[in-house]
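Reading the structure
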Amino acid sequence: QQDLQAIREAEKLACYQPALMTDGHRVEVVANIGAAQEAEQAVNAGAEGIGLLRTEFLFLNRSEPPSEEEQFSAYSQMTQALNGLPLIVRTLDIGGDKAVPYLNLPAEENPFLGVRGIRLCLQRPDLFKPQLRAIFRASQTGTIKIMFPMIATVEELQAAKKIAEAIRLEVGADPVEIGIMIEVPSAVVMAQELAQEVDFFSIGTNDLTQYALAIDRGHPALAKQADGLHPAVLRLIDQTVQAAKTARKWVGVCGGIAGDPKGAAILTGLGVTELSVSIPSVAAIKAKLRSLSLSETQQLAKRALQCRTAQQVRELE
């Protein structure tokens, strides 16, 4: 425990240094957050920005939706704390699995396959438009990028982009980078087409794992088997990165395996250039990457793609 403590202390001291690998390749390590005050905590932990802002915190535990002003105030508080570092704002990703009384969402038998993420936003412009207005207004106070969740088809993305562009012109804001979450297998299969429409991809490995393996990640008996390092999931990530590379777009990962040292190494080897992790994991993931070269991680990734089970991937040295 003392040795571990010493390692953690050393990681903390180096947390503000970039994740430069031994051969000079750089990976951006950013944080996932779900509250306004966490932006400052993320910077203090060494994060180079926010790779995923879950905006649901503004909508939960209340009797009516947040106003545009309230959202604008929260987003601009974060851009101030980040002082020029990027903030990727994911638009509302809420569905039948979360109880939000004022949304009057009918109970669904399969909420993860129902009206959630971008599907809800497109059905409820009364929620989507004020959020986009607040985001575009806040984009004038710092570096903001917009990310749409749960995109499954090209049509959904085009519909969301069309609304966003109309709002941007209304607000009079400059264009911002727009990306999507890759968490539905159909988005991986259509990644080539989707890459033409966006500036970046961020892979949500938790959902991608649940949809690829058909395992509810909250299932009491099965959740343990929903391993993001399963070769099936890694191959989907590989396919996504290849499609993005062809279109010269960058790919980040904001799921659980980005914060797992072995996962971070494999993802880097697959060509992911941004890892968005929980605040406590930032220093350790940066330290892990500094100890490796890009070619070492590429070799590791190559071997991981050839594995037959998640267990085999986890046993790789």
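The coordinates are above.
Note that the coordinates shown come from a computational prediction; the quantities given were computed from them, not determined experimentally. (Residues numbered from 1 in each chain as written. Predicted model: local features only at pLDDT ≥ 70, side-chain atom pairs only at ≥ 80, totals over all residues. Heavy atoms only, no water.)

Side note on the pattern of salt bridges
Note the cut-off: When a carboxyl oxygen of Asp or Glu lies within 4 Å of a side-chain nitrogen of Lys or Arg, that pair is called a salt bridge. Counting from the N terminus, the helices are the DSSP runs of H or I reaching at least four residues and the strands are the DSSP runs of E reaching at least two. Each residue gets one of three labels from its accessible area relative to the maximum for its type: buried under 20%, exposed over 50%, partly exposed in between, using a 1.4 Å probe on protein chains only.
One pass over the full model with this rule turns up 19 salt bridges. Between E11 and R8 there is a salt bridge, with the nearest N and O atoms lying 3.0 Å from each other. Taken together, the residues E11 and R8, both in helix α1 (residues 2-13) and three residues apart, mark about one turn of the helix. For E11, a relative accessible area of 12% corresponds to the buried category. Residue classification places R8 among the partly exposed positions, given a relative accessible area of 41%. For R116, the salt bridge goes to D93, with nearest N and O atoms at 3.4 Å. Here the residue R116 occupies a position in the loop between β4 (87-90) and α4 (118-123), and D93 occupies one in the loop between β4 and α4, the gap between them amounting to 23 residues. If you follow the salt bridges from partner to partner, you end up with E56, R90, D93, R116, D207 and R217 in one network.

Points about the nonpolar core
Applied cut-off: To define a nonpolar core, start from buried Ala, Val, Leu, Ile, Met, Phe, Trp, Tyr and Cys residues and group those joined through side-chain atoms within 4.5 Å. Contact between two residues is taken to exist if any of their heavy atoms lie within 4.5 Å; hydrogens are not considered.
By size, the foremost hydrophobic cluster in this structure holds 94 residues, and its most contacted members are F148, F201, I237 and L275. Apart from the residues lying within four places of it in its own chain, the contact partners of I237 are I203, T205, L208, I257, L267, L270 and V272. Formed by six residues, the second largest nonpolar core is a distinct cluster that contains L52, I88, M147 and C254.

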